[in-house]
Amino acid sequence: MSELICLTPDWPAPANIRAAITTRAGGVSCAPYDGLNVASHVGDDLAAVAANRELLARHLSLPEQPVWLTQVHGVEVLRRDGEHISDILKPYDACYSNQPNTVCAVLTADCLPVLFCSRDGTEVVAAHAGWRGLLAGILEATVQQFSCTAADIVAWLGPAIGPQSFEVGDEVRLAFLQSWQQHDAQKIQKCFVAHRNQHWLCDIYALARIQLQAWGVGVVCGGGEDTYHDAARFYSYRREGGTGRMASLIWQVN
């Protein structure tokens, strides 16, 4: 078993905010899930998944195990705010909390994870934004959970499939152009580079920035990774098919 390695966002988060993104390094899962797969829905041995989650909790000194969401590329946000009692068995693609020591997490292997916090460090969200969820409005639904203004939100774009690797059909490009008519069409066009036979290379990072900046999110950091090309660090569903998942986690401490 190799050393467990997590990434830390480079962003201007308050001092009480903790955040991390797992890589595939470390863990006990065997191929094709090697090594730190923390997803229980991908066919990996469940005992290995449980062991990996415990290793991760110890490595990060997590105050609790997160609620591992059932993600469906939708727009529902699980609220863990001490008041709302959500049905955790329902599908969710983001998790919000304004409670200390409550860990929010999402799983990805090419889709875009986005971590959010308020500038005062009292609210956090982890969101899962594949192109379908992005198109449907998961980031807008996430921003709407905050009690602070959008200008007081800091966002970080985690590792996702890069713009040189993410090939989509013309129907995806047209769906964004038709559904995002409130945004600048020229900016959307620039997120798609003609590739071959009515296919396009898509920049999911740029699409996320268009939305976050349009809604006035104060700071948007991150981007620039490519899970498809970096097999040493990241799982990639598009590259491997049956594979593990990384976790993007965020929480606040007292």
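Reading the values: the criteria
Residues numbered from 1 in each chain as written. Predicted model: local features only at pLDDT ≥ 70, side-chain atom pairs only at ≥ 80, totals over all residues. Heavy atoms only, no water. Pairing = 2+ DSSP bridges. Helix = DSSP H or I, 4+ residues; strand = E, 2+ residues; numbered from the N terminus. Axes fitted to C-alpha atoms, helices over the stretch in contact; angles between N-to-C directions. Phe/Tyr/Trp six-rings, centres within 6.5 Å; stacked < 30°, edge-to-face > 60°. Buried < 20%, exposed > 50% of the residue type's maximum accessible area, 1.4 Å probe, protein only. Lys, Arg positive; Asp, Glu negative; His and termini not counted. Salt bridge = Lys/Arg side-chain N within 4 Å of Asp/Glu carboxyl O. Contact = heavy atoms within 4.5 Å. Core = buried A, V, L, I, M, F, W, Y, C linked by side-chain atoms within 4.5 Å. Polar contact = N/O pair within 3.5 Å; in protein donor to acceptor, adjacent residues only side chain to side chain.

Before going further, it helps to examine the sheet that holds strand E12 (residues 219-222). Across the sheet, six strands lie side by side as E3-E4-E7-E6-E8-E12; this open sheet has mixed pairing. If you trace the sheet from one side to the other, it starts and ends with strand E3 (77-80) and E12, each paired once. Averaged over all pairs of adjacent strands, the angle between their axes in this sheet comes to 20°, without regard to strand direction. As paired strands, strand E4 (residues 94-97) and strand E7 (residues 124-129) are joined by four bridges and run antiparallel to one another.

For the structure on display, the rule yields five aromatic pairs. On the basis of an interplanar angle of 55° and a centroid distance of 6.5 Å, the ring pair of Trp-131 and Phe-176 is categorised as tilted. On the criterion of sequence distance, the pair formed by Trp-131 in helix H2 (residues 131-136) and Phe-176 in helix H4 (residues 170-179) is long-range, its members being 45 residues apart. Both rings, one in Phe-176 and one in Trp-180, keep their centres 4.9 Å apart while their planes meet at 85°; by these two values the pair is edge-to-face.

This paragraph deals with the side chain of Arg-245. With respect to the helices and strands, Arg-245 occurs in the loop between helix H7 (237-240) and strand E13 (246-252). For the buried Arg-245, no salt bridge is present, and the opposite-charge side chain at shortest range is Asp-110, 8.1 Å distant. Beyond its immediate chain neighbours, meaning those up to four positions away, Arg-245 contacts Leu-36, Asn-37, Val-38, Ala-39, His-41, Val-42, Leu-107, Thr-108, Ala-109, Tyr-235 and Tyr-237.

With that settled, the discussion passes to the nonpolar core. Core analysis: the biggest nonpolar cluster contains 39 residues, and Leu-112, Phe-116, Leu-134, Leu-139, Phe-192 and Leu-207 have the highest contact counts within it. The set of elements that each furnish at least two residues to this core consists of E4, strand E6 (112-118), E7, helix H3 (138-143), strand E8 (153-157), H4, strand E11 (199-202) and helix H6 (204-214). Take this core: its biggest share by element is six residues, from H6.

A separate point is the environment of Gly-82. Relative to the helices and strands, Gly-82 is located in the loop between E3 and E4. Given a relative accessible area of 68%, Gly-82 falls into the exposed group. Placed 156 residues apart in sequence, Gly-82 and Arg-238 show a C-alpha to C-alpha distance of 38 Å.

Quick look at the sheet that holds E11 now. What the three strands build is an open sheet, ordered E9-E11-E10; its pairing is antiparallel. On the outer flanks of this sheet lie strand E9 (167-169) and strand E10 (192-196), each paired with one strand and no other. Averaged over all pairs of adjacent strands, the angle between their axes in this sheet comes to 45°, without regard to strand direction. Taken together, the three bridges between E9 and E11 define a ladder with antiparallel strand orientation. Within the sheet, the bridge partner assigned to Val-168 lies in E11 and is Trp-200. Along the sheet, H4 contacts E9, E10 and E11; its crossing angle with E9, the most-contacted strand, is approximately 75°.

Where H6 is concerned, the buried positions are Ile-204, Tyr-205, Leu-207, Ala-208, Ile-210, Gln-211 and Leu-212. A distance of 3.2 Å separates the backbone nitrogen of Tyr-205 from a side-chain oxygen at the start of H6, and that oxygen is part of Asp-203.

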